[in-house]
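Letter by letter, the chains look like this.
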Amino acid sequence: MTLAKIVYASMTGNTEEIADIVAEALENLDIEVEINECTQVDPEDFEDADICVIATYTYGDGELPDEIVDFYEELQEIDLSGKTYGVCGSGDTFYDEFCKSVDDFDAVFTKIGATKGADSVKVDLAAEEEDIQNLEAFAKKLAEAVK
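In the annotation of an unreviewed UniProt entry, the entry for the protein reads Flavodoxin, and the organism field reads Enterococcus silesiacus. Per UniProt, the protein has the following entry under Function (unreviewed entry): "Low-potential electron donor to a number of redox enzymes." Checking UniProt for the protein, the heading Cofactor (unreviewed entry) contains the comment "FMN".

Caption draft 1: Expanded view of the nonpolar core. Phe46, Ile54, Phe71, Leu75, Leu80, Phe105 and Phe109 are the most contacted members of the largest nonpolar core, which totals 26 residues. In terms of residues, this core owes the most to one element, helix H3 (residues 100-111), which gives 4 residues. Residue contacts for leucine 75: discarding those within four places in its chain leaves Pro43, Phe46, Leu80, Phe105, Val108, Phe109 and Ile112. Membership of the second largest hydrophobic core comes to 25 residues, among which are Ile18, Ile31, Val33 and Val121.

Caption draft 2: Main features of helix H4 (residues 129-146). With 18 residues, H4 extends 27 Å from end C-alpha to end C-alpha; this agrees with the ideal 26 Å at 1.5 Å per step. Among all positions in H4, only Asp131, Leu135, Phe138, Ala139, Leu142 and Ala143 are buried. For H4, the arc enclosing every buried residue in end-on projection is 135 degrees, short of the 170-degree limit, so these residues lie on one face. Turned more than 90 degrees off the buried face of H4, the exposed positions are Glu129 and Glu130. In this structure, the buried side of H4 is in contact with helix H1 (14-27), strand S3 (51-57), strand S4 (84-91) and strand S6 (121-124).

Caption draft 3: How the structure looks around unusual backbone geometry. With phi around 60 degrees, aspartate 30 is a residue other than glycine that occupies positive phi space. Residue position: aspartate 30 is located in the loop between H1 and strand S2 (32-37). Of the residues examined, aspartate 30 reaches a relative accessible area of 58% and is grouped as exposed. Phi is positive for cysteine 99, close to 55 degrees, though the residue is something other than glycine. Taking the relative accessible area as the measure of exposure, cysteine 99 reaches 1% and is therefore buried.

What counts and what doesn't
- Residues numbered from 1 in each chain as written.
- Predicted model: local features only at pLDDT ≥ 70, side-chain atom pairs only at ≥ 80, totals over all residues.
- Heavy atoms only, no water.
- UniProt positions renumbered as here; feature names shortened; annotations may be inferred.
- Core = buried A, V, L, I, M, F, W, Y, C linked by side-chain atoms within 4.5 Å.
- Buried < 20%, exposed > 50% of the residue type's maximum accessible area, 1.4 Å probe, protein only.
- Helix = DSSP H or I, 4+ residues; strand = E, 2+ residues; numbered from the N terminus.
- Contact = heavy atoms within 4.5 Å.
- Expected span 1.5 Å × (residues − 1).
- Arc of directions from axis to C-beta.

Below you can see the structure in the form of structure tokens.
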């Protein structure tokens, strides 16, 4: 069975909800899902997965959340060639660097050899109906990329 690992960072719960939406959509496509908060896992855990997903928020004006910085730095040290990835997350359009952390992780996955399975999804604060549809489509593209 195809395995997806989702790692998330969430302060207000918005990004955890985004991760849960993606997880449920993947499960509905008969993909096994493991979901963990970023301080509970290591980037090497992605080596066992077919699909690697990061869900992160962007703190302030474009900064990575403190709790995911170590994961981000360690991720750059591994090789994920042959893995499919996707990045999603939340931010606040009030700031100039809306969802910059999503873009930062996207660049790292490309650098370490992973293949982008779906375009990144950026959510303004909490996921609303259109965002949920976008996240479900994101999950579907990830699933199709590994079949």
